Each structure stands twice: as structure tokens, then as C-alpha cells.
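Coordinate analysis (summary)
Below are the chains, spelled out letter by letter.
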Amino acid sequence: MAESILIGAAPAKINLSLEVLARRDDGYHEIDTILQTLVLGDRVVVVVDGNHEGVVVTGTYQDSTPANRANLAFRAAELLARRVGRTNDRLLVRLDKLIPPAGGLGGGASDAATVLRLLGKHWEAPESLLLQVANEVGSDEAALVLGGTVRARGRGDRVEPIPSLPAHDVVLFIPPDTIEQKTPRMFAALAGLPFDTGKVTELAALRQRVDSVDIYNTFERVAFDLFPGLAEQWEWLERATGAAIRLAGAGPTLFWIGSPGEGEEIARRASGSACTIIPTRTADSLWRR
Ligand code: C5P
């Protein structure tokens, strides 16, 4: 078989709204959320039937990403290969990691989603199958298979594209430390607090202009207790920028979102922060046109 080289961009995401509605019997939680993809992304290359197979990781954040078959993106590729009867195809996944890991930005999930999109096109698999496989890999993957502005319900597996948010500036603030097993610990920390109703997300889905003050993320109620030093970094950023700063997904990344052209000034004001500052923008889906 001839070698095929498939190239894609795996965008980071933020949540414009993130509500947790209930605890489920299977250990997951019912959520209602809006994900928005960003221009910041990992670069993904899949080589089919080349000379090598496995996973190669490069880039700024390569050390935090498994470069073996346990990698989510490789697992997604293998699962899809099995479903479409292509287990004899030799697969190499190359990831150039530019999205900070374990920060609430969906980097690993987006790599997996992008591999599914690339191989789905190559093998002519229907989108419904890509979404099914995405849901076997994790909870954010299906939304990232769609990309752009997406509402996700259930455990994150029931996805619905919603009208794209017009371009906004986004500034990400990456704290120096994260914690082990962050996502399950953040969900567990919600026990005992009242659950959300989904009403905030219902309204957020209609919005065409967003400012940080409009964002709701239920994890903001517990993030200060779990991530050491986060409260201080948050306060510092709000004071320095004079703007509302929000938590990305299950954290600990913090972010600002607002009108195009305003991000540069926010990033400039935050320049003495202990966090790594990454200015970026919202991005429409590369696949939904
Ligand atoms: O599915 P994923 O690997 O992304 O989720 C990681 C963990 O986060 C799950 O094992 C579960 O503990 C928690 N989770 C949850 N409810 C969700 C999504 C994730 O409790 N909707």
C-alpha cells in the first residue's frame, strides 16, 4: 500500500458555560456545557502505511504527553481502525504539542478528535461512527470532533453544533502547577454543593457576544480549594487587568475573553504574572463548513 500523510490542527477549547446537573450511577456526572474551540492548537500528522508505527511527540509540552500506544490519540486511531476493518493499516501518529497539558483546555481530547477526523476522511467513515468512537475514548472528544461552538450534554457525549460565536479575543493564563487526577477530583469536590439546572447554558447558547463576566463555570466553586496558589494568581490577574478572569474547564488554566482587538492590552497588563500568558482567539470548526 502507498503511504498517506494526513495533516490537521487540533484546537484547544474553553467552556463558555459549564453546569453539572446530577451525579450518575456509572460514576460520571450529567453536564450541560458549551465548548468553544480556539486558534491555539496542537499540530497532528497521521502517517498511514509508512515505514514506522506508534506515537511520536514533539513541541513545547512534549514531556507531559505519553509517546506510546496508551496515548489517547493513538487509542482513538486503533479503535476506529477496528470499526472500519483496517487493522492491517500501519499507523504512525505525530503530535506537536503546543496546548498546555492537564489545564482544562482539552489538548489530549482534541488530538484524539483530530486523528478521528483525519482517518475518518481517509477511510470514508461516517461522522456518526467518529462520534461513537470519540465517546469511547473520553467525554470531551465528541464535541471536539465537531469543533467550533458546540453544546454538550449527558456526560459530554450528546453533542449539538450551535451557531458559531463571532471572532473574540482570548487570553490564556497557565499557572505553573496542576494536580494529579485533576478532573475526577474536581467532580468529586462538587459533592454536597447544589447542582446546576442547565438554565445558564440554555441562555448562553443564544449569545453572539461574550465577555468574561458572562461566563459560568461551576468548577469555580471548588477550584480555589484544590489548586494550591490559584486564588492568589486569580486575584493578582483581576487586579492587574481590571477585567473578570475565569476558569477554563476543570482548570487550573484561567482566561479572559472579550472583543477582538482588546486581548493585546489584557495580555500586556498581565505581563508580571507567575502564569504563562498565551494570547489567542476563538476559531470556527475546520470540519463543519
Ligand atoms: O471521560 P473522561 O476521561 O474525560 O473523564 C475523566 C473523569 O472525569 C471520569 O472518570 C469521571 O470521574 C469524571 N467525569 C465525570 N462526569 C463527566 C465527565 C467526566 O464525573 N461528565
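Only a predicted model underlies this, so the values are computations on that prediction, with no experimental measurement involved. (Residues numbered from 1 in each chain as written. Predicted model: local features only at pLDDT ≥ 70, side-chain atom pairs only at ≥ 80, totals over all residues. Heavy atoms only, no water.)

Re the site of the ligand
This is how it is decided: What makes a residue near a molecule or strand is one non-hydrogen atom of that residue sitting within 4 Å of it. By the criterion applied in these results, polar contacts are pairs of N or O atoms within 3.5 Å in which, for protein atoms, one can donate a hydrogen and the other can accept it, and in which residues neighboring in sequence qualify only through two side-chain atoms. Reported accessibility uses the Shrake-Rupley method at a 1.4 Å probe radius. Residues are deemed covered only where the shown protein chains occlude them. The helix and strand labels rest on DSSP assignments: H or I over at least four residues marks a helix, E over at least two residues marks a strand, and numbering proceeds from the N terminus. All residues other than Ala, Val, Leu, Ile, Met, Phe, Trp, Tyr, Cys, Pro, Asp, Glu, Lys and Arg, Gly among them, are scored as polar; the first ten of these are nonpolar and the last four charged.
Taken together, the residues surrounding the ligand are Gly-27, Tyr-28, His-29, Ile-31, Gly-138, Ser-139, Arg-155, Thr-183, Pro-184 and Phe-187. Between an oxygen atom of the ligand and a side-chain N or O atom of His-29, the distance comes to 2.8 Å. At 2.6 Å, a side-chain N or O of Ser-139 approaches an oxygen atom of the ligand. Its free accessible area being 460 Å², the ligand has 72% of it covered by the protein chains. Secondary structure elements with two or more residues in the shell around the ligand: β2 (29-48) and α5 (182-189). Sort the elements by how many residues they give to the shell around the ligand and α5 lands first, with 3 residues. Residue classes in the shell around the ligand are distributed as 4 nonpolar, 5 polar and 1 charged.

Examining the side chain of Glu-19
Going by this rule: Throughout this description, buried means an accessible area under 20% of the type-specific maximum (1.4 Å probe, protein chains only), exposed means over 50%, and partly exposed covers the range between. The charge count includes Lys and Arg as positive and Asp and Glu as negative, but it does not include His or the ends of the chains. What counts as a salt bridge is simple: a side-chain nitrogen of Lys or Arg found within 4 Å of a carboxyl oxygen of Asp or Glu.
Mapping Glu-19 onto the fold places it in strand β1 (residues 4-23). Although Glu-19 lies buried, it forms no salt bridge, and the closest oppositely charged side chain, Arg-151, sits 6.4 Å away as judged by the N-O distance.

A closer look at the packing of helix α2 (residues 107-123) against helix α3 (residues 127-137)
The test is simple: In this analysis an axis means a line fitted to C-alpha atoms, helices contributing only their contacting stretch, and an angle means the value between N-to-C directions, from 0 to 180 degrees. Working rule for angles: under 35 degrees goes down as roughly parallel, over 145 as roughly antiparallel, 65 to 115 as roughly perpendicular, anything else as oblique. Crossings are assigned a handedness: left-handed for a near helix turned anticlockwise from the far helix by less than a right angle, right-handed for a clockwise turn. Contacts: residue pairs with any heavy atoms within 4.5 Å of one another.
Contact geometry of α2 with α3 gives a least axis separation of 10 Å together with a crossing angle of 150°. With respect to α3, the element α2 is oriented roughly antiparallel. Between α2 and α3 lies a crossing whose hand is right-handed. Here α2 contributes Ala-112, Leu-116, Arg-117 and Gly-120 to the contact with α3, which in turn contributes Glu-127, Leu-130, Val-133, Ala-134 and Val-137.

Some thoughts on the nonpolar core
Here is the rule we go by: Throughout, nonpolar core names a set of buried Ala, Val, Leu, Ile, Met, Phe, Trp, Tyr and Cys residues whose side chains join them through atoms within 4.5 Å.
Formed by 40 residues in total, the largest nonpolar core has its most connected members in Val-46, Leu-80, Leu-91, Val-115 and Leu-119. Here this core takes 8 residues from α2, the largest share from any one element. The residues touching Val-46, leaving out its near neighbours within four places in the chain, are Ser-4, Ile-5, Leu-6, Leu-91, Leu-92, Val-115, Leu-118 and Leu-119. Counting residues in hydrophobic clusters, the runner-up holds 27 residues, among them Phe-173, Met-186, Leu-190 and Trp-234.

Considering the side chain of Asp-32
Mapped onto the elements of the fold, Asp-32 is located in strand β2. The class of Asp-32 is buried, set by a relative accessible area of 4%. The residues contacting Asp-32, other than those within four sequence positions of it, are Ser-17, Leu-18, Glu-19, Leu-21, Arg-151, Ala-152, Arg-153, Gly-198 and Thr-201.

With respect to the sheet that holds strand β9 (residues 246-247)
Either a parallel or an antiparallel arrangement is found when strands of a sheet pair, and the pairing is made through backbone hydrogen bonds. So the rule is basically this: DSSP calls a pair of strands paired once it identifies at least 2 bridges connecting them.
In spatial order, the strands read β9-β10-β7-β11; together these 4 strands make up an open sheet with antiparallel pairing. Every interior strand has two partners, whereas the edge strands, β9 and β11 (276-281), have only one. In this sheet, strand β10 (residues 254-258) lies alongside β9 in antiparallel orientation, the contact comprising 2 bridges. Its bridge partner lying in β10, Leu-247 is registered against Leu-254.

Details of the environment of Thr-60
Residue placement: Thr-60 occurs in the loop between β3 (54-58) and α1 (72-83). A residue is classified by how much of its surface remains accessible, and Thr-60, at 60% relative accessible area, is exposed. Counting along the chain gives 105 residues from Thr-60 to Leu-165, while the straight-line C-alpha distance between them is 29 Å. Residue contacts for Thr-60: discarding those within four places in its chain leaves Lys-97 and Leu-98.

Structural notes on unusual backbone geometry
Most peptide bonds take the trans configuration, and most residues that are not glycine carry a negative phi. A cis geometry characterises the amide bond from Gly-251 onward to Pro-252, with omega recorded as 0°. Positionally, Pro-252 belongs in the loop between β9 and β10. A positive phi angle, near 50°, is found at Ala-102, a position not held by glycine. With respect to the element layout, Ala-102 can be found in the loop between β4 (91-96) and α2. In this model, Gln-181 sits at a positive phi of 50°, which is unusual for a non-glycine residue. Turning to its location among the elements, Gln-181 is positioned in the loop between β7 (169-174) and α5. By relative accessible area, Gln-181 is classed as exposed at 57%.

Structural notes on the pattern of salt bridges
This model, assessed by the stated rule, comprises 16 salt bridges. Of the charged contacts in the structure, one is a salt bridge between Lys-97 and Asp-42, with a shortest N-O distance of 2.6 Å. Of this pair, Lys-97 sits in the loop between β4 and α2 while Asp-42 is found in strand β2, placing the two residues 55 residues apart along the sequence. Classification of Lys-97 by relative accessible area gives buried; the value is 3%.

As far as function goes, none of this settles anything; it's purely spatial.
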